[in-house]
Each structure stands twice: as C-alpha cells, then as structure tokens.
Amino acid sequence: MDEIFDLIIIGSGPAGVSAALTARHRGKTALIVTTAPEDSPLCKAEHVDNYPGFHNATGRELVDAFVSHAEASGAKLVRGRALAVADMGGVFGVSVGSDFFQGRSVVLAGGLTRAKPYPGEDTFLGRGVSYCATCDGMLYRKKRIAVIGLSADAPEEAAFLRQIGCEVEYFDAGRAKKYEISGGSRVESLTADGQVYPVEGVFIFRSGVSPASLLPGLETDGGHIVVNRDMETNFPGVFAAGDVTGAPYQVAAAVGEGNIAGLSACKYVENKAKEK
Ligand SMILES: Cc1cc2nc3c(=O)[nH]c(=O)nc-3n(C[C@H](O)[C@H](O)[C@H](O)COP(=O)(O)OP(=O)(O)OC[C@H]3O[C@@H](n4cnc5c(N)ncnc54)[C@H](O)[C@@H]3O)c2cc1C
C-alpha cells in the first residue's frame, strides 16, 4: 500500500479504537493494525459494569461495538500481527506479516504482553524461529516444523502452513507448559514438557509482540512502555496508550489514554507539516 497514514495504531482494543476515533474526528487518516480483535483480554470478561453507557455488557459485546465504531468512522483496519516498527526519518514503517505500511506517527496500543520468550527463542529468531507464516512458510515446505498456537488466528496460520506443504506438529495453548528450542547453527528440536520433537522450524503465534522487540530502543520499565502525560514515548512521533503503559488495567483508563495519544499524534503530524 503506497498511502502514508497520519496515524498507524497497533491494537484494536479500547485504547487503539479511542486513538483512531480521535484521529478521525480531527480529519486525520488512521490505520489500525490488529490481530483478531477477540484476542483482546476484554473478550474474556463475562460482565463489564464499570464502563459508562454499557450497563452489564459482556467484554465481547464491548469489543465488537468499539471495532465497528472505529470502522464506521473511516479508520482502516488490517488484520495481522505488527512485527516491527522502523523509524525511517520522518516516516515510520510497520511490518505486518509480509506487508509493509507507512505512517507519519505511530500509536502503540497492543495491551499487556504477558509472555516471556521461551529458552532458545531469541537465539534462533531468523534461524528457524518465526512469527510469520506468510513471510517464512515457504522456506519450510516438505519440512517438519512445530507451531505453538497461542492466539485466536493460530489455527488458521497452522492450516496455511499445512496447505503449502509443511509437516506441522501443532501445540495449542493447553498442550504443554514448558518449551525449549535447541539446535546448532539452526533450530534442530523443540522440547515440550520434557519430550523432544525433532523439527527444523518453530512458528510461534502470540496475540502480542513485546514492545522492546517491536521497536528496539523503546524505553520500558518492567515490560511497560514509559510515557509522559501526553502519552509520548522516548521516540518522537511514537505514542503509547492503554494496558501497554501499565496499571490500572481498566477499559476507561485505556480509552482515556487512547484519546490523549490520538490528540498528541495529530498535533505531532500537524507540527511536522508546518516545518515543511
Ligand atoms: C478476564 C478479564 C476481565 C476484565 N474485566 C474488566 C472489567 O470488568 N472492567 C474493566 O474496566 N476492565 C476489565 N479488564 C481489563 C481490560 O480488558 C483491559 O484493561 C483493556 O482491554 C485494555 O485495553 P487495551 O486497548 O490497552 O489493550 P487490549 O484490550 O489488550 O487490546 C490490544 C489488542 O492489540 C492486539 N495486539 C497486540 N500486539 C499486537 C501486534 N503486535 N500487532 C497487532 N495487534 C496486536 C491484541 O491482540 C489485542 O487485540 C478485564 C480483563 C480481563 C483479562
């Protein structure tokens, strides 16, 4: 896509949607990049009774209402996992699977990333470990691979890998508790709860990507992105909102922070345009 969006927002939870609505009300273009919206932890809430206007809604109802509001506002929604954000000097590039999008500003609203990398995951990243079926799947045709599926779209990704000819050993969220990836110069095996599976690749599908691996150099504290009151991060033009910035983990707080991040991103884009 050649369009340069005013805001690229990562995450379609309450914070991301609020940032997108704010941007659209200010006449800005907004692209939301998100894994399945049902990956938001809010979908697990049986009742949400502390968000104004939605008496006794389920979390899923709230998420569906938020996402359709964002789309009705004219924000574009792309389904996929943002894997990297690159500062290209005035414009940011966001890689989503094998696609690439450009934005004048970025709002990180991916929620909490609870998972620590598995032993061996960082070591073998790019040498057998992958987070993207469409980018790397063809490299493993006719090869035995493991898929650790922790996100809502993981079964679909595994089906795609099978379809292109990979021999897939699938691990859903309940199948094993402990994993370790081993090998020499490349991945040679996955150990799951003590049992060794000889594989040449390990695809891991989580709903989120840790902020530090999304944008190297991003200032974090205890896994949360450090922001000021304008939701600015240490990268000019990159803002963050919602659970990703820390407690309180609440919808109302996420919506409020998303609004501030959206306003700050719009101001940033306007000031940059004046400099030209
Ligand atoms: C069981 C449960 C019950 C809860 N009940 C309540 C309640 O009653 N009231 C209340 O106020 N709060 C409740 N919460 C908390 C609430 O769900 C969160 O505070 C809120 O969802 C945070 O919103 P967010 O937009 O920051 O992030 P999220 O809602 O987590 O949304 C982030 C989205 O971004 C996606 N994403 C992450 N990384 C990427 C990436 N790299 N690329 C693309 N997409 C990505 C995620 O998959 C997710 O869909 C509850 C939480 C849980 C788990």
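Placed above this text is the structure.
Residues numbered from 1 in each chain as written. Predicted model: local features only at pLDDT ≥ 70, side-chain atom pairs only at ≥ 80, totals over all residues. Heavy atoms only, no water.

1. Considering the overall build of the protein
Phase 1: Counting its regular elements, the protein contains six helices and 16 strands.
Phase 2: What you see for the protein is a C-alpha radius of gyration of 19 Å, in line with the 19 Å of a compact globule of 276 residues.
Phase 3: C-alpha extents for the protein along the principal axes are approximately 55 × 50 × 35 Å.
Phase 4: Taken across its 276 residues, the protein has 49% of its residues classed as buried.
Phase 5: Looking at the protein alone, contacts between residues at least 24 apart form 59% of all its contacts between residues at least 6 apart.
Phase 6: Within the structure as shown, the protein displays about 13300 Å² of accessible surface, and the carbon and sulfur contribution to it stands at 50%. (Helix = DSSP H or I, 4+ residues; strand = E, 2+ residues; numbered from the N terminus. Rg over C-alpha atoms; globule rule 2.2 N^0.38 Å. Buried < 20%, exposed > 50% of the residue type's maximum accessible area, 1.4 Å probe, protein only. Contact = heavy atoms within 4.5 Å. Areas by Shrake-Rupley, 256 points an atom, 1.4 Å probe, with all protein chains shown as cover.)

2. Focus: the pattern of salt bridges
Phase 1: Under the defined criterion, the tally for this structure stands at 10 salt bridges.
Phase 2: Note that Asp64 and Arg60 form a salt bridge whose closest N and O atoms lie 3.2 Å from each other. With Asp64 and Arg60 both in helix H2 (residues 59–72) and four residues apart, this pair spans about one turn of that helix.
Phase 3: When the shortest N-O distance is used, the salt bridge between Glu169 and Arg144 registers 3.6 Å. Taken together, the residues span a long stretch of sequence, with Glu169 in strand S9 (residues 167–172) and Arg144 in strand S8 (residues 144–149) at a distance of 25 residues.
Phase 4: Among the residues examined, Arg144 registers a relative accessible area of 30% and is labelled partly exposed.
Phase 5: Overlapping salt bridges, with partners in common, bring together Arg144, Glu169 and Arg175 in one network. (Salt bridge = Lys/Arg side-chain N within 4 Å of Asp/Glu carboxyl O.)

3. What to know about the packing of helix H1 (residues 14–25) against helix H6 (residues 251–275)
Phase 1: At a minimum axis separation of 7 Å, H1 and H6 run at an interaxial angle of 40 degrees. At the point where H1 passes H6, the crossing takes the right-handed sense. Residue-level inspection shows Pro14, Ala15, Ser18, Ala19, Thr22 and Ala23 of H1 in contact with H6, the latter providing Val251, Ala254, Val255, Gly258, Asn259, Gly262, Leu263 and Cys266. (Axes fitted to C-alpha atoms, helices over the stretch in contact; angles between N-to-C directions. Left-handed = near helix turned anticlockwise from the far one by under 90°.)

4. What to know about the site of the ligand
Phase 1: Near the ligand there are 34 residues, and of these Thr35, Ser40, Ala82, Asp243 and Val251 occur at the shortest range.
Phase 2: Between an oxygen atom of the ligand and a main-chain N or O atom of Ala15, the distance comes to 2.9 Å.
Phase 3: The fraction of the free accessible surface of the ligand (1000 Å²) that becomes covered by protein chains is 87%.
Phase 4: At the level of secondary structure, the elements contributing two or more residues to the shell around the ligand comprise H1, strand S2 (30–34) and H6. (Near = heavy atom within 4 Å. Polar contact = N/O pair within 3.5 Å; in protein donor to acceptor, adjacent residues only side chain to side chain.)

5. Here we look at unusual backbone geometry
Phase 1: Cis peptide bonds are those with omega within 30 degrees of zero, and the linkage from Ala247 to Pro248 qualifies with 5 degrees.
Phase 2: Of note, Lys142 is a non-glycine position whose phi angle comes to about 65 degrees, a positive value.
Phase 3: Of note, Lys142 is situated in the loop between helix H3 (133–136) and S8.
Phase 4: Within the chain, Met231 stands out as a residue other than glycine whose phi angle is a positive 65 degrees.
Phase 5: Structurally, Met231 can be placed in the loop between strand S15 (224–225) and strand S16 (238–240).
Phase 6: Judged by relative accessible area, Met231 falls into the buried class, the value being 7%.

6. A few points about the packing of aromatic side chains
Phase 1: Summed over all chains, the structure comprises nine aromatic pairs.
Phase 2: Between the aromatic rings of Tyr51 and Phe66, the centroid separation amounts to 5.8 Å while the plane-to-plane angle is 80 degrees, which identifies the pairing as edge-to-face. Placement of the pair is Tyr51 in the loop between S2 and H2 and Phe66 in helix H2, with a sequence separation of 15 residues.
Phase 3: According to the relative accessible area criterion, Tyr51 is buried, its value standing at 16%.
Phase 4: Relative to Phe203, the ring of Tyr140 has its centre 5.5 Å away and its plane inclined at 85 degrees; by these criteria the two rings are edge-to-face. Note that Tyr140 is positioned in the loop between H3 and S8 and Phe203 in strand S13 (residues 201–205), a separation of 63 residues in sequence. For the pair formed by Tyr140 and Phe203, the shared burial category is buried.
Phase 5: Chaining the aromatic ring pairs together yields one cluster made of Tyr118, Phe171, Tyr179 and Tyr197.
Phase 6: The ring of Tyr118 is capped by Arg206, whose NZ or CZ atom sits 5.1 Å from the centre of that ring. (Phe/Tyr/Trp six-rings, centres within 6.5 Å; stacked < 30°, edge-to-face > 60°. Lys NZ or Arg CZ within 6 Å of the ring centre and 35° of its normal.)

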